[in-house]
Amino acid sequence: MTVDMTPNLTLVVVIGVLVAAGVYLMLERSLSRVLIGIILVGNGINLTFLVASGAAGGAPIVGMTDTDEMSDPLPQAMVLTAIVITLGMTAFLLALAYRSWQLHRHDEVQDDVEDRRIARIAAYDQAIYADMDTEDTVSDLDRDAAEARDETQSSDDDAEPVGAR
Amino acid sequence: MNDYTWLVPLPVVLPLTGAGLALALWRHGRAQRVITLVALTLTLVASCLLLVLADSGPLVVDVGGWSSPVGISLVADRLSSLMLAISSAVTLAVLVYSLAQGFADGDEETPVAIYHPSYLVLAAGVAIAFLAGDLFNLYVGFEVLLAASYVLITLTGTAERVRSGTIYIVVALLSSVIFLLAIGLTYSATGTVNMAQLAQRLPDIDPGVSLVLQLLLLLAFGIKAAIFPLSAWLPDSYPTAPAPVTAVFAGLLTKVGVYAIIRIQTLLFPEGRADDLLMWAALATMVVGILGAVAQNDIKRLLSFTLVSHIGFMIFGIALSSEAGVAAAIFYVVHHITVQTTLFLVAGLIERRGGTTSLDQLGGLAKIAPVLAILFFVPAMNLAGIPPFSGFLGKTGLLQAGVTSGTPLAYALVAGGVVTSLLTLYALVKAWNKAFWQTAPADVPVVRLPRAMVGSAGALVLLGISLTVVAGPLYAYTERASHDLRARIYIEAVLPEGGRGSGVSDDVAGEETQGEETQ
């Protein structure tokens, strides 16, 4: 029994478009766009399972379809699992984006605190951290994190975050 | 086949049942604590039994009575059961630590209603990943443990945790998508995702396609194991989580990635075509990671960077593709799970006692809290590889295997390994000097460390030391495990004569997958 394994061109093109658009969106700053990017890429990858299952056939139920004309059920089972998992993760990321909006009034993915700190220190050509023995000024990550502000935050944004009480 | 195969699913079933019960009883904090404790204790017992039983041959369960290449199989061979045993021990110790922290602080840091079910699901996910007999089940295991880890890393949803959690989750999702793509392509190329059957079929497909599959899988696991240059997410995201969460993540999550790499490199792609690539990645991981650690001034971040760095040692052992190399890598994984978890727990204690994790503001702890000093010093020296600790034995094994292999690249890795050990020692001694010696700052808070927190951290320190005591038998065990992997007895165990596992399956179902080979 040989199965026609020539990939369906439409599927391949759709996968290419979905993944390309998804990767582009993932490179954005806003978590909502990253999320849409992940959904697009995820769906693109799910479609590869349809390609993997070969040419479409009848319902894979013994007694209903002739064995030779059945479509392969295993990739469908796998893709269902993958869809459910993606759904759960999407819900979690949405909640996270909402929480970020509660706290900061935006859902931009912020810079690594340390990246920011190193860039600033490098600009002044200072030592990476002040030595307690020789100097009084102390800079540490907690304080920098507290002081670090996003460039996306405007100056009139000093109002209490919605979630804080 | 023996009668003990019913033990194999227990490390998955027990924590998952516990998680369900804990979720149902979310109003009853005390009941939840008892459930979690019992579930994880039983898991530890089951894992230890498996460890003993698997020494006389792999235990295979064909789930639901469907025979192997058709149904899903769970396999506990020496490697899996060793990983399971050590990870259950570590999860239990961390649980006791967090329970004690909960009693001392109330539920601020670890809200019990969410924490306990997620923690159990995490333990179950790790167990699924270790026991999975097919690639898709491995993917499911990864997703289960990752979903739990997303909840744990953003626990309480503070601004800092949301910031670091976002990066962690997006990177983890990306690696899952790559893994899924690899599975899809593997299926279209070979018509199976059962690992034993894959091992039989992969040599027959086009070598180029097989290399693409190997690299895709390595990429996906490389992100999870935090191999440079795929490691940048780790030191930023781990330190913000609560201490017990960071500890269990540091101990287990990256090691699951390392386990998956061991599995695919030995079972699916034994030709070792990616070995040179892995060697370079290992060297870069070791050196870049430890240079990051040297530059750190915060003890949790310092430990996160040493974590990345020491992943390089394990990858080095795997990339040697020799029995000795893989044996040393497995030993190193066991050592590193224990010691890295201990260090993060102790860092949590330091934060409690000294009020901060910044090395600038700590000082004089050796005088203030001598027990804490011992708890830090022993695993720190263990990590740096000072004899007679297990870190030394693991590193010696790796260096020996490297020298035996004798290629210029292996010698470069040996040199890199020695330099990394020295720099680890430097970074940890610097942390020791700043936090435990020097004059104490004026305003050290007066806190009593809860006994059970110190006790559980102490238990892990003892476990770390006992790895030295049992190093002979343990090393022999890892050598046997490595021999199993090289001899690929896995295939024979899952698909005994005729390529069918125990259980029921129609012949039709067998033929159905045959056709896809002709791609």
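Shown above is the structure to which this text applies.
A quick note: this is a predicted structure, and the numbers were derived from the prediction, not measured.

Reading guide: rules and limits
Residues numbered from 1 in each chain as written. Chains lettered and ligands numbered in written order. Predicted model: local features only at pLDDT ≥ 70, side-chain atom pairs only at ≥ 80, totals over all residues. Heavy atoms only, no water. Helix = DSSP H or I, 4+ residues; strand = E, 2+ residues; numbered from the N terminus. Buried < 20%, exposed > 50% of the residue type's maximum accessible area, 1.4 Å probe, protein only. Contact = heavy atoms within 4.5 Å. Areas by Shrake-Rupley, 256 points an atom, 1.4 Å probe, with all protein chains shown as cover. Salt bridge = Lys/Arg side-chain N within 4 Å of Asp/Glu carboxyl O. Patch = residues over 30% accessible without salt bridge, like charges linked within 9 Å, V, L, I, M, F, W, Y side chains within 5 Å. Pairing = 2+ DSSP bridges. Axes fitted to C-alpha atoms, helices over the stretch in contact; angles between N-to-C directions. Parallel < 35°, antiparallel > 145°, perpendicular 65-115°, else oblique. Lys, Arg positive; Asp, Glu negative; His and termini not counted. Phe/Tyr/Trp six-rings, centres within 6.5 Å; stacked < 30°, edge-to-face > 60°. Lys NZ or Arg CZ within 6 Å of the ring centre and 35° of its normal.

Asker: Could you give an account of the overall build of chain A, naming the residues involved and the relevant values?
Answerer: Scanning chain A from N- to C-terminus turns up five helices and zero strands. For chain A, buried positions account for 34% of its 165 residues. In chain A, the proportion of contacts linking residues at least 24 apart, taken out of those at least 6 apart, comes to 59%. Within the structure as shown, chain A displays about 10,000 Å² of accessible surface, and the carbon and sulfur contribution to it stands at 59%.

Asker: Account for the pattern of salt bridges, naming residues and giving values.
Answerer: Residue and element names in this part refer to chain B. Counting across every chain of the model gives 10 salt bridges over all chains. Between Asp484 and Arg78 there is a salt bridge, with its nearest N and O atoms 2.7 Å apart. Taken as a pair, Asp484 in helix α19 (residues 471-487) and Arg78 in helix α3 (residues 78-105) lie far apart in primary sequence, 406 residues in all. Side by side, Asp484 and Arg78 carry an identical accessibility label, which is buried.

Asker: So, unusual backbone geometry: which residues are in play, and what are the values?
Answerer: All names here are of chain B. Omega for the bond connecting Phe228 with Pro229 falls within 30 degrees of zero, at 0 degrees, which places this linkage in the cis form. Tracing the backbone through its elements, the reader meets Pro229 in the loop between α8 (207-225) and α9 (233-237). Here the residue pair Pro387 and Pro388 is connected by a cis peptide bond, since its omega of 5 degrees sits within 30 degrees of zero. For Pro388, the position within the fold is in the loop between α15 (370-384) and α16 (390-405). Of note in the backbone geometry, Thr156 takes a positive phi value of approximately 70 degrees without being a glycine. For Thr156, the location among the structural elements is in the loop between α5 (135-153) and α6 (159-190). Positive phi outside glycine occurs at Ala226, with the angle close to 60 degrees. Position of Ala226 among the secondary structure elements: in the loop between α8 and α9. Ala226 gets classed as buried once you look at its relative accessible area, which sits at 0%.

Asker: Mind laying out a nonpolar patch on the surface, listing which residues take part and the relevant values?
Answerer: Residues and elements named next belong to chain A. Side chains of Leu9, Val12, Val13 and Val17 sit close together on the surface and give an oily, nonpolar patch of about 370 Å² of accessible area. Inspection of the secondary structure assignment puts Val13 in helix α1 (residues 9-26). The class of Val13 is partly exposed, set by a relative accessible area of 45%.

Asker: Run through the pairing of strand β2 (residues 73-76) of chain B, naming residues and quoting values.
Answerer: All names here are of chain B. Burial along β2 is two-sided: the face carrying Ser73 and Val75 and the face carrying Leu74 and Ala76 are both buried. Here four bridges tie strand β1 (residues 59-62) to β2, and the two strands are oriented antiparallel to one another. Paired with Asp62 across the strands is Ser73, a residue of β2.

Asker: Tell me about the packing of α3(B) against helix α13 (residues 323-354) of chain B, residues and numbers included.
Answerer: For any two helices packed against each other, the geometry is given by the interaxial angle and the distance between the axes. Residues and elements named next belong to chain B. Following both chains from N to C, one finds α3 and α13 inclined at 5 degrees, their axes separated by 10 Å at the closest point. On the basis of their axis angle, the class for α3 and α13 is roughly parallel. Along the contact surface, α3 presents Leu79, Leu82, Met83, Ile86, Val90, Val94, Tyr97, Gln101, Ala104 and Asp105, while α13 presents Ile330, Val333, Val334, Ile337, Thr338, Thr341, Leu345, Gly348, Leu349 and Arg352.

Asker: Pulling in residues and values, what's your account of the side chain of B:Glu143?
Answerer: Its place among the elements puts B:Glu143 in helix α5. Although B:Glu143 lies buried, it forms no salt bridge, and the closest oppositely charged side chain, B:Lys224, sits 4.8 Å away as judged by the N-O distance.

Asker: I'd like a rundown of the environment of B:Ala159, residues and numbers included.
Answerer: Relative to the assigned elements, B:Ala159 resides in helix α6. Contact partners of B:Ala159, with chain neighbours within four places excluded, come to A:Leu103 and A:His104.

Asker: Describe the packing of aromatic side chains, with residues and values.
Answerer: Residues and elements named next belong to chain B. For the structure on display, the rule yields 22 aromatic pairs over all chains. Residues Phe130 and Tyr259 carry aromatic rings whose centres are separated by 5.0 Å and whose planes lie at 80 degrees to one another, so their mutual orientation is edge-to-face. Of this pair, Phe130 sits in helix α4 (residues 112-131) while Tyr259 is found in helix α10 (residues 243-268), placing the two residues 129 residues apart along the sequence. Aromatic side chains Tyr150 and Tyr168 sit 6.1 Å apart centroid to centroid with 80 degrees between the ring planes, which places their arrangement in the edge-to-face category. Pair noted here: Tyr150 is in helix α5 and Tyr168 is in helix α6, with a separation of 18 residues, a long-range link. Each member of the pair, Tyr150 as well as Tyr168, carries the same accessibility label: buried. A cation over an aromatic ring shows up here: Arg33 above the ring of Phe103, its NZ or CZ 4.8 Å from the ring centre. When the ring centre of Phe142 is taken as reference, the NZ or CZ atom of Lys224 above it lies at 4.5 Å.

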